[in-house]
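Next come the chains, spelled out residue by residue.
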Amino acid sequence: MLSWPAPLLPTLPGTGPVLKIYDTSRGEVVDTSPGTTARMYVCGITPYDATHLGHAATYLAFDLVNRLWRDAGHAVHYVQNVTDIDDPLLERADRDNEDWIVLAMRETALFREDMTALRVLPPEDFVGAVESIPRIVAHIETLLDDGLAYVLDDGTGDIYHDVAQAPGFGGESGYDEATMLGFFAERGGDPDRLGKRQPLDPMLWRGPRPGEPSWPGPRGTEGRPGWHIECATIALNTIGMGFDVQGGGSDLVFPHHEYSAVHAEALTATKPFARAYVHAAMIGLDGEKMSKSRGNLVFVSRLRGDGVDPMAIRLALLSGHYRTDRAWTPDLLQTAQERLDTWRRAVELDAGAPAAPVLIGLRQRLADDLDSPGAIALIDRWAEQTLAGGPDAEDDALDEEAPRIVCDAVDALLGISLGDCG
Ligand code: 5CA
Ligand code: ZN
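First, a word on what this report is: a plain description of the structure on this page. Small disclaimer: the values here were computed from a predicted structure and weren't measured. (Residues numbered from 1 in each chain as written. Chains lettered and ligands numbered in written order. Predicted model: local features only at pLDDT ≥ 70, side-chain atom pairs only at ≥ 80, totals over all residues. Heavy atoms only, no water.)

### Re the overall build of the chain
Right, on to step 1. The helix and strand tally for the chain stands at 13 helices and 15 strands.
Right, on to step 2. On the principal axes, the C-alpha backbone points of the chain span a range of 80 × 45 × 35 Å.
Right, on to step 3. Counting all 422 residues of the chain, 57% fall into the buried class.
Right, on to step 4. Considering only residue pairs separated by 6 or more positions, the chain has 77% of its internal contacts joining residues 24 or more positions apart.
Right, on to step 5. With an accessible surface of roughly 17100 Å², the chain has 50% of that area assigned to carbon and sulfur atoms.
Right, on to step 6. For the chain, the distance from the average position of its 36 positive side-chain charges to the average position of its 66 negative side-chain charges is 2 Å. (Helix = DSSP H or I, 4+ residues; strand = E, 2+ residues; numbered from the N terminus. Buried < 20%, exposed > 50% of the residue type's maximum accessible area, 1.4 Å probe, protein only. Contact = heavy atoms within 4.5 Å. Areas by Shrake-Rupley, 256 points an atom, 1.4 Å probe, with all protein chains shown as cover. Lys, Arg positive; Asp, Glu negative; His and termini not counted. Charge placed at Lys NZ, Arg CZ, Asp CG, Glu CD.)

Laid out in structure tokens, this is it:
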């Protein structure tokens, strides 16, 4: 699929430190230690509605990962999928009497515009599930050939992965069986389906159903792919096994990331799928997770349409830590807009408080599990000192290069453009 245009990325003096990040599977903050090219897969949207602030917050967290790796001297191979065929997409198209393909294409186009406005670095590979079907089918055939998958014998043509044969199952989430069963039922799984070998076996392929689109499937059948095998296939096909970060929101810890890993590990008979599994916390509104199914949404495109500066949206979302569940409030946006105005006034001055400690501090805060609130506080202090005439209110403590360097650093590391840095 077409990705979106890349924003300019200023080069900063020196290089940043190694990024440390919280890995769900190990339950601790770990060093990311990528090779020359860091590899990251982030789970993309299901395009049946516009991008809400929860989605945006998740993609901003991983945009920081991308920016920090680049600042540390790595190239980054970033992959994101689009779940452009799935139950919710078909249900919404049905409800609105619309062609599901038209709906998916329109919402994906709007997502690209939102990401561009928010200055999110684009993935090298932006890959749809539908365009990946032949590869997904080949993978399911391999699992069937290896005796790791089975066709349900109820005539539906549905195919499941036999997780009893997957030695690493449960290792990504670390959940016990009861917890897994609860999330599985809640998030698209079918623990009570008759004829499965185990309640927790996930669907790899759904046989044809009246009124649903279908494609040629494994062993000459028809149907459409299951969700987790899509992401496993797209990742294997682009960045392969053992990539550095598998990302998404915390609602994907189980079942989605557990099963994507288990499918890929079964297919390749190697481990691990990803070296770290990283999850962004949930953005809520009025005490509930912001979600399309709950309908309590604030859309990025709606705010943009109302004339809100996308940089204020970005700053508002980054003012909370990515691992803290947090609520969206209009106050957050108001504070971010005021902060942005202050920062802009400071970087427009001819001289400012010294930039070197700010750059070092910014890199340290962000490399420490993406401490964006800590990074923002450092810029606040620099702007305050600069607007007050220097750290000691003495002219000779001012540095003529500082406003430009801080402006570039805020752009390169936080992705916030303060205007032409001069
Ligand atoms: N297409 C699948 C992933 S393969 C999917 O989860 N799509 S989604 O449209 O529902 O969500 C897109 C991304 O936003 C996912 O990473 C999801 O974890 C994240 N997300 C969804 N709701 C929220 C929320 N309220 N706060 C933060 N992130 C969210
Ligand atoms: Zn996914």
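That was the structure; now back to the text.
### Some words on the pairing of strand β10 (residues 222-225)
Both faces of the sheet carry side chains from a regular strand, because those side chains alternate between them.
Right, on to step 1. Pairing geometry for strand β8 (residues 203-206) and β10, over two bridges, is antiparallel. Among the inter-strand pairings, Arg-206 is bridged to a residue of β10, identified as Arg-224.
Right, on to step 2. Note that strand β9 (residues 215-216) and β10 share two bridges and pair antiparallel. If you follow Trp-215 over to β10, its bridge partner there is Gly-223. (Pairing = 2+ DSSP bridges.)

### Structural notes on the nonpolar core
Right, on to step 1. Leu-53, Phe-62, Leu-317, Trp-328, Trp-343 and Trp-382 are the most contacted members of the largest nonpolar core, which has 80 residues in total.
Right, on to step 2. By residue number, the principal contributor to this core is helix α1 (residues 53-71), which donates eleven residues.
Right, on to step 3. Counting residues in each nonpolar core, the second largest holds 42 residues, with Tyr-41, Tyr-48, Ala-129 and Leu-267 among its members. (Core = buried A, V, L, I, M, F, W, Y, C linked by side-chain atoms within 4.5 Å.)

### A look at the state of the cysteines
Right, on to step 1. Scanning the entire structure with this criterion turns up one disulfide.
Right, on to step 2. Sulfur-sulfur distance for the disulfide between Cys-407 and Cys-421 comes to 2.0 Å. Judged by the sign of its S-S torsion, about -75°, the cystine formed by Cys-407 and Cys-421 is left-handed. With Cys-407 in helix α13 (residues 402-414) and Cys-421 in the segment after α13, this pair connects stretches of sequence that are 14 residues apart.
Right, on to step 3. Accessibility expressed as a relative area gives 1% for Cys-407, which makes it buried. (Disulfide = S-S within 2.5 Å.)

### Structural notes on the coordination of the zinc ion (ligand 2)
Right, on to step 1. Protein ligation of the zinc ion (ligand 2) involves Cys-43 (SG), Cys-231 (SG) and His-256 (NE2), the donor distances falling in the range 2.1 to 2.3 Å.
Right, on to step 2. Donor residues for the zinc ion (ligand 2) sit on one chain with the sequence pattern C-x187-C-x24-H. Of the two residues, Cys-43 is situated in the loop between β3 (37-42) and α1 and Cys-231 in helix α6 (residues 227-238); the sequence distance between them amounts to 188 residues.
Right, on to step 3. On the accessibility criterion, Cys-43 (4% relative accessible area) is buried.
Right, on to step 4. By relative accessible area, which is 1% here, Cys-231 ends up buried. (Donors = N, O, S within 2.8 Å, 3.2 Å for Na, K, Ca; no water.)

### Topic: the packing of aromatic side chains
Right, on to step 1. Inspection of every chain in the model, using the stated rule, returns 13 aromatic pairs.
Right, on to step 2. Ring geometry for Phe-169 versus Phe-254: centroids 6.4 Å apart, planes at 55°, classification tilted. Residue Phe-169 is located in the loop between β7 (159-161) and α5 (177-186), and its partner Phe-254 is located in helix α7 (residues 253-268); the two are separated by 85 residues in the primary sequence.
Right, on to step 3. The exposure class of Phe-254 is buried, given its relative accessible area of 0%.
Right, on to step 4. Relative to Phe-273, the ring of Phe-243 lies with its centre 4.9 Å away and its plane at 80°, an arrangement referred to as edge-to-face. Of this pair, Phe-243 sits in strand β11 (residues 243-249) while Phe-273 sits in the loop between α7 and β12 (274-280), and the two are 30 residues apart along the sequence. The pair formed by Phe-243 and Phe-273 is uniform in burial state, with each residue classed as buried. (Phe/Tyr/Trp six-rings, centres within 6.5 Å; stacked < 30°, edge-to-face > 60°.)

### Focus on the site of ligand 1
Right, on to step 1. In the vicinity of ligand 1, 24 residues are found, and the nearest of them are Gly-44, Thr-58, Thr-83, Asp-251 and Met-290.
Right, on to step 2. Separating a nitrogen atom of ligand 1 from a side-chain N or O atom of Thr-46 is a distance of 2.8 Å.
Right, on to step 3. Thr-83 places a polar side-chain atom, nitrogen or oxygen, 2.7 Å from a nitrogen atom of ligand 1.
Right, on to step 4. For ligand 1, the protein covers 94% of the area, taking 590 Å² as the surface of the free molecule.
Right, on to step 5. The biggest single contributor to the shell around ligand 1 is α1, with four residues.
Right, on to step 6. Broken down by class, the residue content of the shell around ligand 1 amounts to ten nonpolar, eleven polar and three charged. (Near = heavy atom within 4 Å. Polar contact = N/O pair within 3.5 Å; in protein donor to acceptor, adjacent residues only side chain to side chain. Nonpolar A, V, L, I, M, F, W, Y, C, P; charged D, E, K, R; others polar.)

### Some points on the sheet that holds β8
Right, on to step 1. The strand order across the open sheet built from five strands is β6-β7-β8-β10-β9, with neighbouring strands paired in antiparallel fashion. Strands with a single pairing partner mark the edges of an open sheet, and in this sheet they are β6 (149-151) and β9.

### Overview of the packing of α6 against α7
Right, on to step 1. Interhelical geometry of α6 versus α7 gives an angle of 55° and a closest axis separation of 8 Å. Considered as vectors, α6 and α7 are oriented oblique to each other. When the axes of α6 and α7 are compared, the crossing they make is right-handed. Contact with α6, carried on its side by Trp-227, His-228, Ile-229, Cys-231, Ala-232 and Leu-236, involves Pro-255, His-256, Tyr-259, Ser-260, His-263, Ala-264, Leu-267 and Thr-268 of α7 and no other residues of that element.
Right, on to step 2. Taken together, the residues of the contact of α6 with α7 break down into nine nonpolar, five polar and no charged. (Axes fitted to C-alpha atoms, helices over the stretch in contact; angles between N-to-C directions. Parallel < 35°, antiparallel > 145°, perpendicular 65-115°, else oblique. Left-handed = near helix turned anticlockwise from the far one by under 90°.)

### Some details on the pattern of salt bridges
Right, on to step 1. The full count for this structure, using the stated rule, is 31 salt bridges.
Right, on to step 2. When the shortest N-O distance is used, the salt bridge between Arg-304 and Glu-113 registers 3.9 Å. Placement of Arg-304 in helix α8 (residues 300-305) and of Glu-113 in helix α3 (residues 100-117) is noted, with a sequence separation of 191 residues between them.
Right, on to step 3. Asp-368 serves as the salt-bridge partner of Arg-365, at 3.4 Å between the closest nitrogen and oxygen.
Right, on to step 4. Under the relative-accessibility criterion, Asp-368 is labelled partly exposed at 35%. (Salt bridge = Lys/Arg side-chain N within 4 Å of Asp/Glu carboxyl O.)

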